[in-house]
Amino acid sequence: MNSTKVLDAKGLACPMPIIRTKKAMDTIDSGEILEIHLTDKGAIADIPAWAASGGHNILEHTQEDDVLKFWIKKA
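What you see is a predicted model, and the numbers here were worked out from it, not measured in a lab.

Draft legend 1. Inspection of the overall build of the protein at higher detail. Helices and strands together make up the secondary structure of the protein, namely two helices and four strands. Overall, the protein shows an N-to-C arrangement of helices and strands of β-α-β-α-β-β. Radius of gyration (C-alpha) of the protein: 11 Å, near the 11 Å computed for a compact globule of 75 residues. Projected onto its principal axes, the C-alpha positions of the protein cover 30 × 25 × 20 Å. Residues counted as buried form 36% of the 75 residues belonging to the protein. If you take every contact in the protein between residues at least 6 apart in sequence, the share linking residues at least 24 apart comes to 63%. Accessible surface, the protein as shown: approximately 4,200 Å² in total, 51% of it carbon and sulfur. In the protein, 9 positive and 11 negative side-chain charges are present, and the distance between their average locations comes to 6 Å.

The following block contains the structure:
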């Protein structure tokens with residue numbers, strides 16, 4: 001999937017992945033895609049909840065070994 005920006009939030013614990021995600025989303029335009037790489041298992045629930053609260057769309061979510069990946073389309 002084509003991403004506008006990739007955020008590496010591996011090794012960060014809650015709430016830092018959400019804080020970094022918000023900051024990264026602020027740097028891209030509406031309709032662009034942010035790809036996030038995380039290792040915090042809480043992100044499985046936190047990232048979709050945060051995205052929904054801002055009207056953003058989770059396009060895809062995968063897990064490769066211990067790394068969670070989300071692709072979020074900015075509202």
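That was the structure; now back to the text.
Draft legend 2. How the structure looks around helix α1 (residues 16-25). Turning to α1, its buried residues are Pro 17, Ile 18, Thr 21, Ala 24 and Met 25. The arc that holds the buried residues of α1, viewed along the axis, is 125°, so those residues lie on one side. In this fold, the buried residues of α1 make contact with β1 (5-9), β2 (33-38), α2 (43-53) and β4 (67-73).

Draft legend 3. Summary view of the sheet that holds β4. Strands sit in the order β1-β2-β4-β3 across an open sheet of four strands; the sheet is mixed. Two strands bound the open sheet, and with one partner strand each, they are β1 and β3 (57-64). Neighbour-to-neighbour, the strand axes of the sheet open up by a mean angle of 15°, direction not taken into account. Each of β2, β3 and β4 is contacted by α2, which is oriented at about 5° to β4, the strand it contacts most.

Draft legend 4. Region of interest: the environment of Glu 60. By secondary structure assignment, the location of Glu 60 is in strand β3. The spatial distance from the C-alpha of Glu 60 to the C-alpha of Ser 30 is 17 Å, given a sequence separation of 30 residues.

Rules used throughout
Residues numbered from 1 in each chain as written. Predicted model: local features only at pLDDT ≥ 70, side-chain atom pairs only at ≥ 80, totals over all residues. Heavy atoms only, no water. Helix = DSSP H or I, 4+ residues; strand = E, 2+ residues; numbered from the N terminus. Rg over C-alpha atoms; globule rule 2.2 N^0.38 Å. Buried < 20%, exposed > 50% of the residue type's maximum accessible area, 1.4 Å probe, protein only. Contact = heavy atoms within 4.5 Å. Areas by Shrake-Rupley, 256 points an atom, 1.4 Å probe, with all protein chains shown as cover. Lys, Arg positive; Asp, Glu negative; His and termini not counted. Charge placed at Lys NZ, Arg CZ, Asp CG, Glu CD. Arc of directions from axis to C-beta. Pairing = 2+ DSSP bridges. Axes fitted to C-alpha atoms, helices over the stretch in contact; angles between N-to-C directions.

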